[in-house]
Amino acid sequence: MNRLPNRAELMDRKEPDGSLPRKIGRWYRTHRRRLPWRETKDPYKIWVSEVMLQQTTVNAVIPYYVRWLELFPDIQALARAPLRRVLKAWEGLGYYQRARNLHQAARTICRKHGGSIPAEFEEFIALPGVGPYIAAAVLSLAFDKPYPVLDANVRRVGMRLYGFQGKANARADAVLLARIRGIFPVENGADFNQALMELGALICRPKNPGCLLCPVQSFCRAYQSGEQEVIPAPKSRSFQQIETVVGIISDQGKYLIQQRPAQGLLAGLWEFPGGKREKGETLREALRREIKEELGVEVRRERLLLKLRHAYTRFQVELFVFECELDRSPLPRSPNRRWVGLRALKRYPFPSGSAQIVRFLEDRDSEKQKRVSVGP
DNA sequence: AACTCGGGGTT
DNA sequence: AACCCAGAGTT
């Protein structure tokens, strides 16, 4: 667990001009990127950025971040918003539990903390979705408390600097945090934290690190032994291919969609009926089985509408989207199944793959409208 | 300690 | 195609 540097660690530290924190600090002041969340000290805004940036690259986050602050400019606005709008604003960013947790935490803060973000580590980390990194980051960057942060950038920089071998792990993290605490500057801790992360992002990259431009090259054990490219060791990963079938079922201009369970993959998002193709099944057999299982109705006729590919972290999905004609119309007998017109479809949060299908349907519809209005 | 949870960017 | 990313929660 993180903690503040103690008295002995902070007092009487000599920081000569050539020290590591000084060198990194000077480099940061001249090379840092101007990013939206670096223009503010508002803890809510910094928090939002940290949650979005979790396992997500800076460039992917920026447009979401800007739009989010327009929709939910402060914690009260977020707390008031219904979950569906919150998830819609997150659509395409992934790890949707982050949005649900942020929303829930905002409501808790407005209900129990008078609407202001807790400035104490133990109180803040107790909120859903706030772990050791985000607690340290927000308290450091917004409240200038000297908590060292340990994210993927700092981990890579630190492991290389100190010549750690092997994969990242909890034990190595603890040792690393202790060493960073040991050099943590008395002043401008927020800049030191950001400087370490920025160094990891711009110079001490996973591949092809820019050691020749690195301000702390002379301190770096990995550089001295030429191991900078192999520290940290890569994580092992599996990868598999999956084929899914999707049924587009429409009736009088409305489409049948259903909501995924509140737990697990893509929790709470909406999608069209369908599922995985099993071994030994044709796509059409899979479609008929899934529709029968999910809706209790036989498919009378179907035609392939489009094929999409979508990559997840651990697998790649190929979606075969069929327009279906059913035996009879299935009744939406649960709140998790709805007939929705194209216009209203835009307000529902979909996984990225399904969002592509929605765009296809919209395009198809606007083409149809054009033909009608222009005439043959 | 190992898994799960998305999607997009980079190489 | 493989790898990675301003991690957190669950098992």
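See above for the structure.
Quantities reported herein were computed from a predicted structural model and do not represent experimental measurements.

How each quantity is defined
- Residues numbered from 1 in each chain as written.
- Chains lettered and ligands numbered in written order.
- Predicted model: local features only at pLDDT ≥ 70, side-chain atom pairs only at ≥ 80, totals over all residues.
- Helix = DSSP H or I, 4+ residues; strand = E, 2+ residues; numbered from the N terminus.
- Contact = placed C-beta atoms within 7 Å.
- Near = placed C-beta within 6 Å.
- Nonpolar A, V, L, I, M, F, W, Y, C, P; charged D, E, K, R; others polar.
- Core = buried A, V, L, I, M, F, W, Y, C linked by C-beta atoms within 7 Å.
- Buried ≥ 20, exposed ≤ 12 C-beta atoms within 10 Å, placed from the backbone.
- Domains from an automatic or database assignment.

**Quick look at the environment of Gln 259**
Phase 1: Along the chain, the position of Gln 259 falls in strand β2 (residues 254-259).
Phase 2: Note: C-alpha distance between Gln 259 and Gln 316 (57 residues apart in sequence) is 22 Å.
Phase 3: With residues near it in sequence (within four places) discarded, Gln 259 still touches Gly 268, Trp 270 and Asn 336.

**Re the protein's contact with DNA strand B**
Phase 1: Around DNA strand B sit 22 residues in total, of which Thr 56, Gly 94, Thr 313, Pro 351 and Ser 352 are the nearest.
Phase 2: Of all the secondary-structure elements, those providing two or more residues to the surface near DNA strand B are α4 (58-71) and α11 (170-183).
Phase 3: Tallied by class, residues from the surface near DNA strand B come to nine nonpolar, eleven polar and two charged.

**Digging into the nonpolar core**
In summary, soluble globular proteins display a tendency toward joint burial of nonpolar side chains.
Phase 1: Counting 88 residues, the largest nonpolar core has Phe 124, Ala 135, Val 138, Leu 139, Leu 196 and Val 246 as the members making the most contacts within it.
Phase 2: The element contributing the most residues to this core is helix α9 (residues 132-143), with eight residues.
Phase 3: Mapping this core onto the domain boundaries places at least three of its residues in each of domain 1 (7-225) and domain 2 (240-374).
Phase 4: With near-sequence residues (within four places) excluded, Phe 124 lies in contact with Ile 117, Pro 118, Val 130, Ala 135, Val 138 and Leu 139.

**Re the protein's contact with DNA strand C**
Phase 1: In the vicinity of DNA strand C lie 34 residues, with Leu 53, Gly 131, Ile 134, Asp 151 and Met 197 positioned nearest.
Phase 2: For the surface near DNA strand C, the secondary structure elements donating two or more residues are α3 (43-53), α9, α10 (152-161) and α12 (189-202).
Phase 3: With four residues, α12 is the largest single contributor of residues to the surface near DNA strand C.
Phase 4: Split into classes, the residues belonging to the surface near DNA strand C amount to 16 nonpolar, eleven polar and seven charged.

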